[in-house]
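An overview of the molecular structure
Listed below are the residues making up each chain.
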Amino acid sequence: MDSIPGSQEELLRMRKNGEAGKKGEDHGNALSRKEATEELIGCMVHSEEEAYKLYCDYGHRIGFSVRKGKQSYFIGTRDIRTKDYYCSKEGLKYDEPVTEANFNRPDTRTNCKAMVRFRVDEKGRWTVIRFVPLHNHQLAKPGERHLLRSAKSFAVGKSGVIDPAESAESHAMNGSSDRTVGDISEPPGYTTRDCYNHDNVQNITLIGAGDSQSLVSYFKRRTNEEGMFYWDVQVDQEGRMTNFFFRDGKSRSDYDCFGDAVIFDTTYRTNKYSLICAPFVGVNHHWHNVVFGFAFLLDDSTASYVWLFKSFLESMGGRSPKSIFTDQDEAIMQAAEQVFPNTQHCFSYWHILKNAQSHLGTVNTSQAFQNMFMKCMQGCDTEMELQESWDAMLDEYKLQDNDWLNGLYKFHNRWCSVFNKDTFDGGINSSQWGEVSNNILTGVADESTSITRFALLLEKVVKTLRRNESEEDFRCSQTAPVRAIKHSTVLKQAAESYTHRMYKLFEAEFLDGCGATSCHENSCGGSLLRFEITMQGRGSKMWTVLLDTSTMEISCGCGKFERMGLLCSHALKAFSLQNVDMVPEKYILKRWTKDARRSMYNLSQEDSTQQECTEAELAYRNRAMQYAYNLALKSQELEEARKIFWDSLETGEKALEVFFEMRNLHAQSAKDASTREKKKKKKIPKGPSTSKQQHSSLLVLLKHLFCITKIRHCAEKAKQALASSSAAPVLTAQTNEQQFQSAQDANGNATIGRSYYYQVFPTPMQPNQIFMHPNTMPVCAPQVFWLADWPEQN
């Protein structure tokens, strides 16, 4: 059978022959909406399966999942006449009957109207007769499209990903493509560059005596492949390498977002060399681990920790964390006080509880003892209460002579919540934070693993964590969490702002506040209110909440918001009593929201990073370079994305040139005005020729100012015209060199640097006069107008 024009077979044939051109040569290429629409309208296939696959293929390239819809039949038969396929977000969840099976299912519906309709003729040909391309929700990014439900067939399973630290004997590694192995597309995050050649890895790891040098070679290769990779090595007096620190560019970006609380874990050692493997770990917006860097240390001396902390601080642009959580170690405490003087140093609860297992023996297996121990760490409100609880625990279990407990209590200000209510920990020291979230290195290596191979395995661990974060980001962007109270505006606001994991924590606090047993409200004068709240299941314990109704500032004695960045049940109950139906924005911490990474680039005068750095310019430059680096990584896979990135840079460069040109003109104008004032004060007589020359110079200067004002006015009109257009316009460029004048200074000389051009038009200007080109300034349709209104020179 001959291929039908417009059919799926014809499209596939065109792609194989290279005739499809820029319309998309594979599933990874992004199509513009116009190109995708033209490709789909009028397409013809020969079966229901082909029709479904055609729309799924289109959805995968655009960024949405597909759901099968309604169908109609020929009268008196079961033969399909028309068949609809919808975007998976069509309709609303609450339109469906609520059952036990779907109650806790995440809400994915947004009532999207995008769809396609096929009509079947008597010969069994399926033709697209209706197509709605517009979506009312966020589309999946190119790096997330393999996660779409209807596009699972386009992604390779985990078993198909080559392990860079394991055997890579497959001959497919010799392929020339950076994104495919054979004919199978790799999931984002895994490239041929990441899957190191097996022979090369073996050459590195088999060098026994020179393993330190092989690790440095690995660092150098990573630096060549990734410009933002950072590594540092400390050598002893004999020139031997002893300590190592390294992190990649993504870790720096992660630290800029989530580096307020850091866990420094020194409990893991490499088996072959008994080196301390010390990761710097934080908590991301999904309340999952995020890695900031790794260190290999030969010993646990104060000098080694001082060197490591200084190297870590330098790699992060000199920005210290707000808090750092470590094991109980005298050398670490001294190093932290020296390098991080403004950082709150605390002991990690996870480390304390882990050490208790080895120092307390069978006593630690008692649930009653564990409850008393946890009360000392988290349940005391005053120092006196801590002392009483601690003494009662020691007396109950006869532990007065236990050296470990006595040594721990000596530093009680580093682990008891009484002394750290204002210390932000991101939930690291909360009861919900489990052991599984801390020890990320369990089972990474064995006793035969070399140090270089260990570094490769750590790279694999980091990739796994980042892949999990990407999947969570995708889930948050495509689904909404199920709210326990459907019509609660507070929960609706939280569901729209927080990630799914943080929303569930917030919802638990909100529901807990609804169960308060008693609330006493008292006025403290003016707009300040005091609430005394008791909760169910907590006995007679009372929490005090202060609320200023004029500024909506609230504080609770439990200090949960200061420690966790999440409002507690007591504060939410106080808001509820005052009929506050929306949480003030200042109490929705950006680091816990879906847009946590976007907010990191909002630089302001109050930015803590700029205040901590010795030079504000250095801080700005570091942040700007990191921002540009992340955009470059995001756009590097697709040609269209790279073009958008470059066009944005060029447009920004031109805007800066106009800004500085205007600044120079204003400065020159001010300088001329100052000169004239000085001449007037000296009362120097001016001849007619001098006055005429000054008048001519001033006139030329004013002409430049007038023209630049027209440029800005034209640009604003172009933006307004584009913003008011409902459909995406087809932008073209209409250029005419005779319409432009080259900018000159007051003496008639060409300006230094890149030339810029202006064109003068009458006002008001109509939107249909405007044309746009991505590589030029806004250009308008030709008009007969010039500087006729300027006074003639005498």
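Reading the values: the criteria
Residues numbered from 1 in each chain as written. Predicted model: local features only at pLDDT ≥ 70, side-chain atom pairs only at ≥ 80, totals over all residues. Heavy atoms only, no water. Helix = DSSP H or I, 4+ residues; strand = E, 2+ residues; numbered from the N terminus. Buried < 20%, exposed > 50% of the residue type's maximum accessible area, 1.4 Å probe, protein only. Contact = heavy atoms within 4.5 Å. Areas by Shrake-Rupley, 256 points an atom, 1.4 Å probe, with all protein chains shown as cover. Pairing = 2+ DSSP bridges. Axes fitted to C-alpha atoms, helices over the stretch in contact; angles between N-to-C directions. Patch = residues over 30% accessible without salt bridge, like charges linked within 9 Å, V, L, I, M, F, W, Y side chains within 5 Å. Salt bridge = Lys/Arg side-chain N within 4 Å of Asp/Glu carboxyl O. Lys, Arg positive; Asp, Glu negative; His and termini not counted. Charge placed at Lys NZ, Arg CZ, Asp CG, Glu CD. Parallel < 35°, antiparallel > 145°, perpendicular 65-115°, else oblique. Nonpolar A, V, L, I, M, F, W, Y, C, P; charged D, E, K, R; others polar. Core = buried A, V, L, I, M, F, W, Y, C linked by side-chain atoms within 4.5 Å. Domains from an automatic or database assignment. Disulfide = S-S within 2.5 Å. Polar contact = N/O pair within 3.5 Å; in protein donor to acceptor, adjacent residues only side chain to side chain. 1 Å grid on protein atoms, 1.4 Å probe; cavity = no way out; pocket = protein on both sides within 12 Å on 5 of 7 lines; lining within 4 Å. Points joined across faces, edges and corners; volume = space filled by probe spheres on them. pLDDT = per-residue confidence, 0-100. Expected span 1.5 Å × (residues − 1). Phe/Tyr/Trp six-rings, centres within 6.5 Å; stacked < 30°, edge-to-face > 60°. Lys NZ or Arg CZ within 6 Å of the ring centre and 35° of its normal. UniProt positions renumbered as here; feature names shortened; annotations may be inferred.

**Description of the overall build of the protein**
Within the protein one finds 21 helices and 23 strands. In the protein, buried positions account for 43% of the 794 residues. Across the protein, the fraction of contacts at a sequence separation of at least 24, relative to all contacts at a separation of at least 6, is 61%. Entry remark: accessible area of the protein is about 42700 Å², with carbon and sulfur atoms responsible for 51%.

**What about the sheet that holds strand β5 (residues 126-132)?**
Taken in spatial order, the five strands make up an open sheet running β1-β5-β4-β3-β2, and their pairing is antiparallel. Unpaired on one side and paired on the other, β1 (44-45) and β2 (66-73) mark the two borders of the sheet. Contacting β1, β2, β3 (80-87), β4 (115-120) and β5, helix α3 (residues 48-62) crosses the sheet at an angle of about 25° to β3.

**Here's the deal with the pairing of strand β17 (residues 528-535)**
As defined by bridge partners, strand β16 (residues 516-523) adjoins β17 across seven bridges and the pair is classed as antiparallel. Across the sheet, S523 pairs through a bridge with L529, a residue of β17. Bridge count for β17 against strand β18 (residues 542-548) is seven bridges, and the pairing is antiparallel. Looking at β18, one finds that E532 is bridged to T544. Between the antiparallel neighbours β17 and β18 lie six residues, among them G537 with a positive phi of about 80°.

**Observations regarding a negative patch on the surface**
A contiguous patch of negative charge, built from E388, D391, D395 and E396, is present on the exposed surface. Assignment of secondary structure puts D391 in helix α11 (residues 383-397). The partly exposed category is assigned to D391, whose relative accessible area is 32%.

**Topic: the packing of helix α9 (residues 349-360) against helix α12 (residues 403-410)**
α12 packs onto α9 with a crossing angle of 150° between their chain directions and a minimal axis gap of 10 Å. For the element pair α9 / α12, the angle class is roughly antiparallel. On the side of α9, the interface is formed by I352, N355, A356, H359 and L360, while α12 contributes W404, L405 and L408. Residues belonging to the contact of α9 with α12 are distributed by class as follows: six nonpolar, two polar and no charged.

**Some remarks on the nonpolar core**
Formed by 69 residues in total, the largest nonpolar core has its most connected members in F296, Y498, F506, I554 and L567. Here the element with the most residues in this core is helix α13 (residues 451-478); it accounts for eight residues. Counting residues domain by domain, this core receives three or more from each of domain 2 (206-348 + 438-478) and domain 4 (481-592). Excluding residues within four positions of it along the chain, F506 makes contact with V490, L491, A494, Y498, L566, L572 and V583. Ranked by size, the runner-up nonpolar core spans 30 residues in total, among them Y255, F258, L313 and I324.

**Describing the sheet that holds β17**
Taken in spatial order, the four strands of this open sheet run β16-β17-β18-β19, and their pairing is antiparallel. With one partner strand each, in any of the chains shown, β16 and β19 (553-556) form the two edges of the open sheet. The sheet shows a mean angle of 20° between the axes of neighbouring strands, direction not considered.

**Things to note about the state of the cysteines**
As used in these notes, a disulfide is a covalent bond between sulfur atoms, one from each of two cysteines. For the coordinates displayed, the defined rule picks out zero disulfides. Not engaged in a disulfide, the cysteine C416 finds its nearest cysteine sulfur in C380; these two sulfurs lie 5.6 Å apart. What makes C416 buried here is its relative accessible area of 0%.

**Describing the side chain of T593**
Turning to its location among the elements, T593 is positioned in the loop between α17 (569-577) and α18 (608-612). Within the structure, T593 has its side chain in polar contact with the backbone oxygen of K590 (distance 2.8 Å).

**Observations regarding empty space enclosed by the protein**
With the rule as written, the count across this model stands at five cavities of 30 Å³ or more. Size it by volume and the largest cavity reaches roughly 60 Å³. Lining the largest cavity, in full, are I554, S555, C556, K560, F561, E562, L567, C568, A571 and Y587. Those elements giving two or more residues to the lining of the largest cavity turn out to be β19 and α16 (560-564).

**Things to note about the confidence of the model for the protein**
Put simply, the protein has an average pLDDT of 74, and 67% of its residues get 70 or more. Predicted confidence is poor over residues 1-30, with pLDDT under 50, and the contacts of this stretch with residues over four places away or in other chains come to 47 contacts. Counting contacts from residues 153-209, a segment whose pLDDT is below 50, to residues more than four positions away or on other chains yields 79 contacts.

**So, the pairing of strand β12 (residues 276-283)**
The element β12 is largely enclosed, with a buried count of eight among its eight residues. Of the two faces of β12, the one lined by I276, A278, F280 and G282 and the one lined by C277, P279, V281 and V283 are each fully buried. Bridge count between strand β11 (residues 268-269) and β12: two bridges; the pairing is antiparallel. Of the residues in β12, the one forming a bridge with R269 is I276. Here eight bridges tie β12 to strand β13 (residues 289-297), and the two strands are oriented antiparallel to one another. Looking at the pairing, G282 lines up with V290 of β13.

**Structural notes on α3**
Taking 1.5 Å of rise per residue, the 15 residues of α3 would be expected to cover 21 Å, and the 21 Å separating its terminal C-alpha atoms lies within 8% of that figure. G63 sits one or two residues past α3 and shows a positive phi near 120°.

**Digging into the environment of E90**
Among the structural elements, E90 can be located in the loop between β3 and β4. Look at E90 and you get partly exposed, because its relative accessible area is 24%. In this structure the C-alpha to C-alpha distance between E90 and A114, which are 24 residues apart in sequence, comes to 7.6 Å. Sequence-distant contacts of E90, defined by excluding residues within four places in its chain, comprise R67, R109, N111 and C112. There is a polar contact of 2.5 Å between the side chain of E90 and the side chain of R67.

**Some words on helix α7 (residues 302-315)**
The end-to-end C-alpha distance of α7 is 20 Å, a good match for the 20 Å that 14 residues give at a rise of 1.5 Å each. Counting buried positions along α7 gives ten out of 14 residues, so the element sits mostly inside the fold. Among the residues making up α7, those that are buried are S304, Y305, V306, W307, L308, F309, S311, F312, L313 and S315. G317, located one to two residues past α7, shows a positive phi value of around 70°.

**Re the packing of aromatic side chains**
Following the criterion strictly, the structure yields 37 aromatic pairs and no others. Measuring from centroid to centroid gives 6.4 Å for F280 and F309, while their planes differ by 70°, and the two rings are edge-to-face. Taken together, the residues span a long stretch of sequence, with F280 in strand β12 and F309 in helix α7 at a distance of 29 residues. Look at F309 and you get buried, because its relative accessible area is 0%. Taken together, Y230, F245, Y255, F264, F280, F292, Y305, F309, F312 and F340 form an aromatic cluster joined through their ring pairs. Above the plane of the ring of Y73 lies R78, whose end atom (NZ or CZ) is 4.3 Å from the centre.

**Concerning the UniProt feature "domain: SWIM-type" (unreviewed entry) in the protein**
According to UniProt, the feature "domain: SWIM-type" (unreviewed entry) maps to residues 543-579 in the numbering used here. Taken end to end, residues 543-579 is 38% helix and 27% strand, and its first and last C-alpha atoms sit 20 Å apart.

**Let's talk about the pattern of salt bridges**
Overall, the coordinates contain 24 salt bridges when judged by the stated rule. Between E90 and R67 there is a salt bridge, with its nearest N and O atoms 2.5 Å apart. On the criterion of sequence distance, the pair formed by E90 in the loop between β3 and β4 and R67 in strand β2 is long-range, its members being 23 residues apart. Looking at R67, the relative accessible area reads 25%, which means it is partly exposed. Measuring nitrogen to oxygen at the nearest pair gives 3.5 Å for the salt bridge that ties R222 to E459. Taken together, the positions of R222 in helix α5 (residues 211-225) and E459 in helix α13 put the pair 237 residues apart, joining distant regions of the chain. Residue classification places R222 among the buried positions, given a relative accessible area of 9%. Connected via shared salt-bridge partners are R222, D248, E459, K463 and R466.

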